[in-house]
Amino acid sequence: MTDALTDKARAEALVELTGWSLVPGREAITRTYAFASFADAIGFMVRAAIHADRIDHHPEWTNVYRKVHVTLTSHDIGGLSQRDVELARILDKLT
Ligand SMILES: C[C@H](O)[C@H](O)[C@H]1CNC2=NC(N)=NC(=O)C2=N1
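Figured I'd write up the structure that's included with this text. Keep in mind it's a predicted model, so treat the numbers as computed, not measured.

1. Section: the pattern of salt bridges
Turning to step 1, where the next piece is worked out: For the coordinates displayed, the defined rule picks out 5 salt bridges.
Turning to step 2, where the next piece is worked out: Arg89 serves as the salt-bridge partner of Glu16, at 2.7 Å between the closest nitrogen and oxygen. Taken as a pair, Glu16 in helix 1 (residues 7-16) and Arg89 in helix 3 (residues 82-94) lie far apart in primary sequence, 73 residues in all.
Turning to step 3, where the next piece is worked out: Judged by relative accessible area, Glu16 falls into the partly exposed class, the value being 39%.
Turning to step 4, where the next piece is worked out: On the accessibility criterion, Arg89 (37% relative accessible area) is partly exposed.

Right, dumping it as structure tokens:
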């Protein structure tokens, strides 16, 4: 379990996490990744899934052809936590 981000930590995270934005009306952040091919998008999802499971924090996501839409929130606390920031950093590194 983890605590909700403070307003300051949330603002700092959004500055650092280029390409991520708050989901209107939700305690969640979102980013869309675009890949060169469907195979690249699925390859990303497979690698990301292994990392997500390792840190026990799991994305909400959908794939449409070459794109992967990711939403991160901490269901346990009904809000944003450092675990969302950690997973966002990991996903960004995988691309
Ligand atoms: C018991 C287990 O650690 C929790 O249910 C984890 C699993 N993965 C999770 N993933 C996400 N995104 N939010 C959670 O609150 C969460 N909780």
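2. Here's the deal with the side chain of Thr73
Turning to step 1, where the next piece is worked out: Considering the arrangement of structural elements, one finds Thr73 in the loop between strand 4 (67-72) and helix 3.
Turning to step 2, where the next piece is worked out: A polar side-chain atom of Thr73 sits 2.5 Å from the main-chain carbonyl oxygen of Glu27.
Turning to step 3, where the next piece is worked out: Looking at Thr73, its side chain comes within polar contact range of the main-chain oxygen of Gly79, at 3.3 Å.
Turning to step 4, where the next piece is worked out: Those residues in contact with Thr73, other than ones at most four positions away along the chain, are Arg26, Glu27, Ala28, His57, Glu60, Gly79 and Asp84.

Definitions and cut-offs
- Residues numbered from 1 in each chain as written.
- Predicted model: local features only at pLDDT ≥ 70, side-chain atom pairs only at ≥ 80, totals over all residues.
- Heavy atoms only, no water.
- Salt bridge = Lys/Arg side-chain N within 4 Å of Asp/Glu carboxyl O.
- Helix = DSSP H or I, 4+ residues; strand = E, 2+ residues; numbered from the N terminus.
- Buried < 20%, exposed > 50% of the residue type's maximum accessible area, 1.4 Å probe, protein only.
- Polar contact = N/O pair within 3.5 Å; in protein donor to acceptor, adjacent residues only side chain to side chain.
- Contact = heavy atoms within 4.5 Å.

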